[in-house]
Amino acid sequence: MNPPAIVVRDLSKRYGNAHGVLALDKVNLSIEGGTVFGLMGPNGAGKTTLIKVLTGISDITSGSASVAGFDVRKESLKVRARIGWVAAEVILEDDFSAWENLWLQAELEGGIKGWEERAQYLLEYFGLADRKNDKVSKYSTGMRKKLEIALALLHQPSVIFMDEPTIGLDVATRRMLWDIVTGIHKEFGVTVLLTTHYIEEADALCDRIAIIDRGRIVAEGTPSELKARVRSDIVQLETGQSVDAPMLSSIPGVQEVRAQGNDWIIQVAASEEFLPQLFARVQTNEIRRVSVEKPSLETVFLQLTGHRIGEEEPMHDIRKFYAQVRRARG
Amino acid sequence: MRTQLWGLYAREVMRVFRNPFVVLITLVSPFMWLAFFGSSFTNIAAASGRFGTANYFAFLLPGTLSTSMLSVGMFGSMSSIQDKRFGFMKRILITPTSKQTIFLSKSLGAASRGLIQVPVMVVAAYVFGVRFPLSALEWAGWVAALFLLAFGFASLFLAITAPSTDWQTPGVVANFITMPLMFASASLFPSSAFPGWMQAISSVNPITFSAELGRAFLLGTAVNWWELGYLAVFGLAMALVGYFVTARWLKVD
């Protein structure tokens with residue numbers, strides 16, 4: 001085990017005054033150095049807020065956090081000298097060339113000695129070297145993303161934060177980015193903290209995952225540990241009026257029944273045994289649709305939070321509203 | 001802090017030259033102002049005899065250069081809002097760069113950008129018959145006065161717009177500040193013709209100090225170097241205000 005790169009203790013973050021939105025609620029995390037760690041949750045769950053707090057962009061309301069061995073509150077400059085950041089939306093100086101963007105980043109990092117060699121190496125690593133003097137505005141989305149990651153790696157950080165690194169990318173570019181994340185982790189030995197609301201992304205990339213919902217960490221572990229927590233299958237049904245909850249619950253092997261009108265989400269020990277029993281008790285024309293899900297991170301999330309990761313959260317709306325209020329106040 | 005300040009300052013200045021449209025507007029608009037406003041008023045000025053010169057353009061040039069430093073402030077704070085909206089402010093602050101360094105780079109960048117207008121305006125005024133009998137020291141004094149004025153206004157605008165992320169704020173602030181400061185100064189007309197209350201404003205308005213200093217150089221009348229000292233105090237005071245306000249209230253996104 002490497003020493004932890006990020007330690008978070010009882011961290012809470014409330015926006016605005018005491019009645020403001022509680023975006024993080026007593027979060028605890030310990031992220032081992034040299035690993036890829038995923039924060040998975042729906043929009044508005046608190047993923048971006050956690051990154052903002054850890055990078056020193058937002059204040060902490062209560063609790064503590066350290067990154068690369070330094071307290072984010074008391075030793076912010078030392079933390080910021082050791083971290084890199086890749087934004088969800090690519091943020092570059094569009095009127096500058098790739099080389100000029102790298103130069104500016106080197107200056108912002110406090111003047112990196114020998115930055116030119118490092119920059120040239122990174123450009124070659126990412127296959128951008130022959131376009132280094134072109135204006136960034138002429139780059140494709142994938143190239144811009146690569147350059148942004150090169151900027152984040154320029155000062156040899158020990159931790160890299162990637163906020164929704166593949167949001168809005170097409171499938172091919174997303175695959176490319178997955179390879180890059182795995183690659184830079186091996187090549188440069190950095191700890192990567194990434195946020196995502198794509199389950200397959202967390203599964204493919206991360207050594208460990210924390211599931212975050214409404215500002216709370218609801219589960220943490222390796223992808224296979226998390227999947228093992230859900231031994232049951234999820235059966236989704238759409239039925240006619242005659243089907244009711246007591247009847248469904250009485251079927252052997254049923255663990256939990258949740259209803260939304262005529263749509264049911266049923267957690268069962270084994271769908272292979274449940275379905276014949278169901279068809280034996282209900283007239284066939286009363287069942288309009290059946291789907292079965294085997295354990296996956298998606299079902300883990302559904303079981304832990306009661307909703308699917310893609311569903312819009314009420315919290316999300318509150319934060320949008322709050323952002324509008326702030327904007328209106330100017 | 002040195003490398004960050006240099007990097008961000010160079011970025012501000014480079015950005016101006018990367019955009020041909022911005023360069024064009026910077027070059028053309030002062031010329032237009034001299035051509036249209038100056039020409040419309042030149043016969044009245046000559047007839048009134050209160051302007052100290054028969055060529056109104058010679059009177060107007062130092063004043064116009066001074067008032068154009070007001071727009072510099074607006075451009076500086078617009079560039080700051082743009083960085084917040086596009087997330088670049090976050091990119092900067094995740095590096096070991098302080099908010100105060102960002103502030104200084106913006107106000108110095110905006111002031112430098114304002115000085116780009118000086119050679120353009122001088123050439124334009126030459127076309128309208130203005131001659132420049134200035135010594136090297138007087139040129140330096142004039143440019144220093146304009147720089148301090150621009151730096152002060154840029155700092156003031158940045159301080160006011162630090163907590164905002166709204167595109168509209170710099171324009172609203174500019175309207176609010178520009179109108180009274182432009183007219184209640186000796187930049188366009190001699191303040192001796194103003195009503196008393198406007199004279200009172202004009203007598204403390206830094207634009208008046210910069211305009212009168214430039215005019216003294218240009219028309220060869222007695223130069224009061226204390227006016228440069230006043231502008232230095234103004235620039236420094238505004239920079240201090242901006243420095244502390246941004247440290248406390250700069251909003252990031």
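Residues numbered from 1 in each chain as written. Chains lettered and ligands numbered in written order. Predicted model: local features only at pLDDT ≥ 70, side-chain atom pairs only at ≥ 80, totals over all residues.

Trainee: Could you clarify how one ought to interpret the overall build of chain A in this entry?
Mentor: Counting secondary structure elements, chain A contains 12 helices and 14 strands. Burial status across chain A gives 38% buried among its 330 residues. Sequence separation of at least 24 residues holds for 70% of the intrachain contacts in chain A that already meet a minimum separation of 6. (Helix = DSSP H or I, 4+ residues; strand = E, 2+ residues; numbered from the N terminus. Buried ≥ 20, exposed ≤ 12 C-beta atoms within 10 Å, placed from the backbone. Contact = placed C-beta atoms within 7 Å.)

Trainee: What am I meant to see in the overall build of chain B here?
Mentor: The helix and strand tally for chain B stands at 11 helices and 0 strands. When its helices and strands are written in sequence order, chain B yields α-α-α-α-α-α-α-α-α-α-α. For chain B, the C-alpha radius of gyration of 18 Å lies close to 18 Å, the compact-globule estimate for 253 residues. By principal-axis analysis of the C-alpha atoms, chain B measures approximately 60 × 40 × 35 Å. Across the 253 residues in chain B, those meeting the buried criterion constitute 47%. Long-range pairs, those at least 24 residues apart, make up 81% of the contacts in chain B between residues at least 6 apart in sequence. (Rg over C-alpha atoms; globule rule 2.2 N^0.38 Å.)

Trainee: How should I be thinking about the interface of chain A and chain B in this particular structure?
Mentor: Quoted interface sizes are often the accessible area lost when the parts come together. Each partner contributes residues to the interface: chain A has 20 residues there, and chain B has 24 residues. Secondary structure elements with two or more residues in the side of chain A that touches chain B: α2 (76–80), β6 (83–86) and α3 (98–108) of chain A. If one sorts the elements of the side of chain A that touches chain B by residue count, α3 of chain A sits on top with 3 residues.

Trainee: Any chance you could explain the nonpolar core here in plain terms?
Mentor: Soluble globular proteins tend to pack their nonpolar side chains together in the buried interior. Among the nonpolar cores identified, the biggest contains 148 residues, and Ala150, Val159 and Phe161 of chain A together with Ala150 of chain B are the most heavily contacted of them. If one sorts the elements of this core by residue count, helix α7 (residues 136–161) of chain B sits on top with 15 residues. Residues lining this core come from more than one domain, with at least three contributed by each of domain 1 (4–227) and domain 2 (232–294) of chain A. With residues near it in sequence (within four places) discarded, phenylalanine 161 of chain A still touches Ile51, Leu54, Thr55, Ile83, Trp85, Val86 and Leu193 of chain A. (Core = buried A, V, L, I, M, F, W, Y, C linked by C-beta atoms within 7 Å. Domains from an automatic or database assignment.)

Trainee: Which parts of the structure should I look at to understand the sheet that holds strand β3 (residues 36–40) of chain A?
Mentor: Strands in a sheet are paired, the pairing made by backbone hydrogen bonds, and the direction either parallel or antiparallel. All names here are of chain A. Strands sit in the order β6-β7-β8-β3-β9-β10 across an open sheet of 6 strands; the sheet is mixed. Bordering the open sheet on either side are β6 and β10 (216–221), each of which pairs with just one other strand. Averaged over all neighbouring strand pairs, the angle between strand axes comes to 15°, with direction disregarded. In terms of strand pairing, strand β9 (residues 208–213) meets β10 through 5 bridges, oriented antiparallel. Along β10, the bridge assignment pairs aspartate 213 with arginine 216. Docked against the sheet, helix α5 (residues 141–153) engages β6 and β7 (159–163), running at close to 165° with respect to β6. (Pairing = 2+ DSSP bridges. Axes fitted to C-alpha atoms, helices over the stretch in contact; angles between N-to-C directions.)

Trainee: Would you explain the sheet that holds strand β2 (residues 22–32) of chain A in this entry?
Mentor: Residues and elements named next belong to chain A. Spatially, the 4 strands line up as an open sheet ordered β2-β1-β4-β5, and their pairing is antiparallel. Among the strands making up the open sheet, the edge pair consists of β2 and β5 (70–71). Looking at chain direction, strand β4 (residues 62–67) and β5 are connected through 2 bridges and run antiparallel. Its bridge partner being in β5, serine 66 is matched across the sheet by aspartate 71.

Trainee: What's the story with α7 of chain B in this structure? I'm lost.
Mentor: In an α-helix, one full turn covers 3.6 residues, which means residues spaced three or four apart are oriented alike. For α7 of chain B, which comprises 26 residues, the first-to-last C-alpha distance of 37 Å matches the rise-based estimate of 38 Å (1.5 Å per residue) to within 8%. A large share of α7 of chain B lies buried, amounting to 19 of its 26 residues. (Expected span 1.5 Å × (residues − 1).)

Trainee: What exactly am I supposed to notice about unusual backbone geometry here?
Mentor: One can expect most non-glycine residues to show negative phi and most peptide bonds to be in trans. Residues and elements named next belong to chain A. For aspartate 10, which is not glycine, the phi torsion reads 45° and is therefore positive. For aspartate 10, the location among the structural elements is in strand β1 (residues 4–14). Even without being a glycine, glutamine 156 presents a positive backbone phi close to 50°. Structurally, glutamine 156 is set in the loop between α5 and β7. Overall, the presence of 13 C-beta atoms within 10 Å leaves glutamine 156 in the partly exposed class.

Trainee: For this particular structure, what's the right way to read the confidence of the model for chain B?
Mentor: Atom-level detail of predicted coordinates should not be read off regions where pLDDT is low. Across chain B, the average pLDDT comes to 90, with 100% of residues at 70 or higher. Predicted complex metrics record ipTM = 0.89 and pTM = 0.84. (pLDDT = per-residue confidence, 0-100.)

Trainee: What am I meant to see in the packing of helix α3 (residues 56–85) of chain B against α7 of chain B here?
Mentor: Packed helices, taken two at a time, are described by their axes: the angle between them and the distance between them. Residue and element names in this part refer to chain B. Two numbers describe how α3 lies on α7: the axes approach to 8 Å, and their chain directions differ by 35°. Regarding α3 and α7, the two cross each other, and that crossing is right-handed. Counted together, Leu65, Ser66, Met69, Leu70, Val72, Gly73, Met74, Gly76, Ser77, Ser80 and Ile81 of α3 and Leu146, Leu149, Ala150, Phe153, Ala154, Leu156, Phe157, Leu158 and Thr161 of α7 form the full contact between these two elements. The residue makeup of the contact of α3 with α7, split by class, is 14 nonpolar, 6 polar and no charged. (Left-handed = near helix turned anticlockwise from the far one by under 90°. Nonpolar A, V, L, I, M, F, W, Y, C, P; charged D, E, K, R; others polar.)

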